[in-house]
Structure formats: C-alpha cells, structure tokens
Amino acid sequence: MNKLFLILFSGIFMLTAFAWNNQYRRNQPGNGSRHYYNSRGMSAGRSSTHGNNTYYYDSRGMSAGRSSTHGNNTYHYDSRGMSAGRSSVSGDTTYHYDSRGMSAGRSTTQGDTTYHYDSRGMSAGRSVRSGNTVYHYDSRGRMTGRTSL
C-alpha cells in the first residue's frame, strides 16, 4: 500500500511517498523521493537518491528555473506568456513564433530549426542544418509519411 505523509514546516509543504520498484514491491526506506510544495501548492523541489531539484516561479506562476545536482536551467517568457527561451549548462535556446502563435523555430548553439505549416495549420516540415523534413497528410489531416531531403 502506498503511504503518503504531508508535513508542514517553515511555510513549505513536504510530501513523502514510498516508491515501488518494477516488481511492484516497496523499495527499502531511503530509496524513494520527497516532493516539496510552496504555499501556492506548486512543486518547490524534489530530493531522491538520484539527486535534488529545486523549482522557481515568477510572479505570474510561470516556471522560471530549476536548480539541480546536474546544473541549473532558467526559463524566459515573452509578454504573451509564451516560452521565449531557456538557459542551461549545455547552452541557450531561443524559441520563435509566427503571427498565429505557432512555433516557428528555435535557435541553439548547435544551430537553428525552422518549422513550416500548411494552410490548415498542420505541420508541413522542418528545416535544420543537416537537411529538411517534409510531412505528408491525407485529406483528413492524418500524417501518412515524411520525407527527409
């Protein structure tokens, strides 16, 4: 039986749960993870035997960043609340949108990706440094294939 404990300390909620392994047996104590929540009920962090994560939010409640054992990520948003980019140990990513608010592409230190749409707003393809991909649909809008160029 999964047991949950909710403890309030210093204005932060802490949820402790027993973890189950692949054989549906409870792991030994100490092998689970603990999830922490802020006063708004949003995830504030997680700790486990695999590492720790702390989550940060901006004044709108949007995810602003994450600190972890493996590095930090910072998230950026535009005035519409759309994801505008991410900064991390592996580099920066900037997201681009068209006038309809659809993802038009992204830019990274490894190169740019551009997304293309047909008149119905269906994904028609993408362009990357290594080549292009074209998506094919039937009359009902179901993807039937893709071609790499």
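See the structure shown above.
An account of the accompanying structure is given in this report. Predicted model, so just to flag it, every value in this text is computed and none were measured.

Thresholds, definitions, all that
Residues numbered from 1 in each chain as written. Predicted model: local features only at pLDDT ≥ 70, side-chain atom pairs only at ≥ 80, totals over all residues. Heavy atoms only, no water. Helix = DSSP H or I, 4+ residues; strand = E, 2+ residues; numbered from the N terminus. Buried < 20%, exposed > 50% of the residue type's maximum accessible area, 1.4 Å probe, protein only. Contact = heavy atoms within 4.5 Å. Areas by Shrake-Rupley, 256 points an atom, 1.4 Å probe, with all protein chains shown as cover. Salt bridge = Lys/Arg side-chain N within 4 Å of Asp/Glu carboxyl O. Polar contact = N/O pair within 3.5 Å; in protein donor to acceptor, adjacent residues only side chain to side chain. Patch = residues over 30% accessible without salt bridge, like charges linked within 9 Å, V, L, I, M, F, W, Y side chains within 5 Å. Lys, Arg positive; Asp, Glu negative; His and termini not counted. Charge placed at Lys NZ, Arg CZ, Asp CG, Glu CD.

## Focus on the overall build of the protein
Secondary structure summary: the protein contains 0 helices and 14 strands in total. In the protein, the succession of helices and strands from N to C terminus is β-β-β-β-β-β-β-β-β-β-β-β-β-β. Counting every position in the protein, which comprises 149 residues, the buried fraction comes to 17%. Counting contacts in the protein only where the partners sit at least 6 residues apart, residues at least 24 apart contribute 3% of the total. Split by element, the accessible area of the protein, about 10,300 Å² in all, is 50% carbon and sulfur.

## Brief notes about the pattern of salt bridges
Proximity of charged atoms lets side chains of opposite charge pair with each other. The full count for this structure, using the stated rule, is 5 salt bridges. Where Asp98 meets Arg100, a salt bridge forms, and the shortest distance between an N and an O atom there is 3.4 Å. Two residues, Arg120 and Asp118, come together in a salt bridge whose shortest N-O distance is 3.3 Å. Classification of Arg120 as partly exposed rests on a relative accessible area of 47%. You can call Asp118 partly exposed: its relative accessible area is 22%.

## What about the environment of Ser68?
Secondary-structure assignment places Ser68 in strand E6 (residues 63-68). When the C-alpha atoms of Ser68 and Tyr55 are compared, they prove to be 8.8 Å apart, with 13 residues separating the residues in sequence. When near neighbours in sequence (up to four residues on either side) are disregarded, Ser68 contacts Asn52 and Asn53. At 3.1 Å, the side chain of Ser68 and the backbone nitrogen of His70 are in polar contact.

## Here we look at a positive patch on the surface
A grouping of Arg86, Arg106, Arg126 and Arg146 is seen on the molecular surface, where their side chains present a positively charged patch. Tracing the backbone shows Arg146 in strand E14 (residues 143-148).

Everything listed is a geometric property; what it means functionally is a separate question.
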